[in-house]
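# Understanding the architecture of this molecule
What follows is the residue order along each chain.
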Amino acid sequence: QVQLVESGGGLVQAGGSLRLSCVASGSMFSIVAMGWYRQAPGKQRELVASIIIGGSTNYADSVKGRFTISRDNAKNMVYLRMNSLKPEDTAVYYCYADRILHSRSWGQGTQVTVSS
């Protein structure tokens with residue numbers, strides 16, 4: 001089992017920045033990918049960014065050029081740097097981890113609110 005705890009959410013004005021952090025603990029050895037999803041009120045959860053073993057990254061079109069995902073393997077951390085935030089980025093952001101032959105692990109979520 002992998003435990004994930006997010007932090008770094010909050011209230012920010014449009015155009016501002018935030019950095020989300022996710023610390024992982026537990027069975028780390030078989031993690032092949034980590035990333036972030038978000039869910040806005042009344043909407044489905046959507047993939048924001050992911051990073052796989054080896055460092056390749058993937059982003060939703062809506063955040064490309066504004067968000068950057070990174071991973072610190074030594075600290076078991078994954079980060080999401082969010083710049084030029086927009087009101088439509090308002091959502092609960094969830095960290096996830098994928099392990100070989102295991103179901104996806106999720107964090108509890110952190111709220112990001114962008115005011116106009």
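Report on the accompanying structure. (Residues numbered from 1 in each chain as written. Predicted model: local features only at pLDDT ≥ 70, side-chain atom pairs only at ≥ 80, totals over all residues. Heavy atoms only, no water.)

## A few points about the sheet that holds strand β1 (residues 2-7)
Here 4 strands make up an open sheet; going across it, the order is β1-β3-β8-β7 and the pairing antiparallel. Two strands lie at the open edges of the sheet, namely β1 and β7 (67-72), each paired on one side alone. Averaged over all pairs of adjacent strands, the angle between their axes in this sheet comes to 15°, without regard to strand direction. Summarising the sheet, β7 and strand β8 (residues 77-82) pair through 6 bridges and their orientation is antiparallel. Counted as the bridge partner of T68 is R81 from β8. (Pairing = 2+ DSSP bridges. Helix = DSSP H or I, 4+ residues; strand = E, 2+ residues; numbered from the N terminus. Axes fitted to C-alpha atoms, helices over the stretch in contact; angles between N-to-C directions.)

## A closer look at unusual backbone geometry
Although it is not a glycine, N76 sits at a positive phi angle of roughly 55°. The class of N76 is partly exposed, set by a relative accessible area of 28%. Unlike most non-glycine residues, L101 shows phi in positive territory, near 65°. With respect to the helices, strands and loops of the structure, L101 is situated in the loop between β9 (91-99) and β10 (105-106). With relative accessibility at 84%, the residue L101 sits in the exposed group. (Buried < 20%, exposed > 50% of the residue type's maximum accessible area, 1.4 Å probe, protein only.)

## Focus on the pairing of strand β3 (residues 18-26)
The two faces of a sheet get side chains in turn, since along a regular strand they alternate between them. Alignment of β1 against β3, held across 6 bridges, turns out to be antiparallel. Paired with V2 across the bridge in β3 is G26. Inspection of the sheet shows β3 paired to β8 by 6 bridges, in the antiparallel sense. In the strand pairing of β8, L18 is matched with M82.

## Details of the nonpolar core
Counting residues in each nonpolar core, the largest one holds 30 residues, and the members touching the most others are M34, W36, L80, M82 and Y93. Elements represented by at least two residues in this core include exactly β1, β3, β4 (31-39), β5 (46-52), β7, β8, β9 and β11 (110-115). In this structure Y93 touches E6, L20, W36, Y37, R38, V48, F67, L80, M82, G109, T110 and V112, once residues within four positions along its chain are discounted. (Core = buried A, V, L, I, M, F, W, Y, C linked by side-chain atoms within 4.5 Å. Contact = heavy atoms within 4.5 Å.)

## Points about the side chain of S105
By the element assignment, S105 lies in strand β10. We classify S105 as buried; its relative accessible area is 5%. Once residues lying within four places of it in the same chain are set aside, the contact partners of S105 are Q1, V2, L4, C95, Y96 and A97.

## Structural notes on the pattern of salt bridges
Throughout the structure, instances matching the rule amount to 5 salt bridges. Among the ionic pairs, D89 bridges to R38, the shortest N-O distance being 2.9 Å. With D89 in the loop between β8 and β9 and R38 in strand β4, this pair connects stretches of sequence that are 51 residues apart. For R66, the salt bridge identified is with D89, shortest N-O distance 2.7 Å. Of the two residues, R66 sits in the loop between β6 (57-59) and β7 while D89 sits in the loop between β8 and β9, which places them 23 residues apart along the sequence. (Salt bridge = Lys/Arg side-chain N within 4 Å of Asp/Glu carboxyl O.)

Function-wise, these values are silent; they only describe arrangement.
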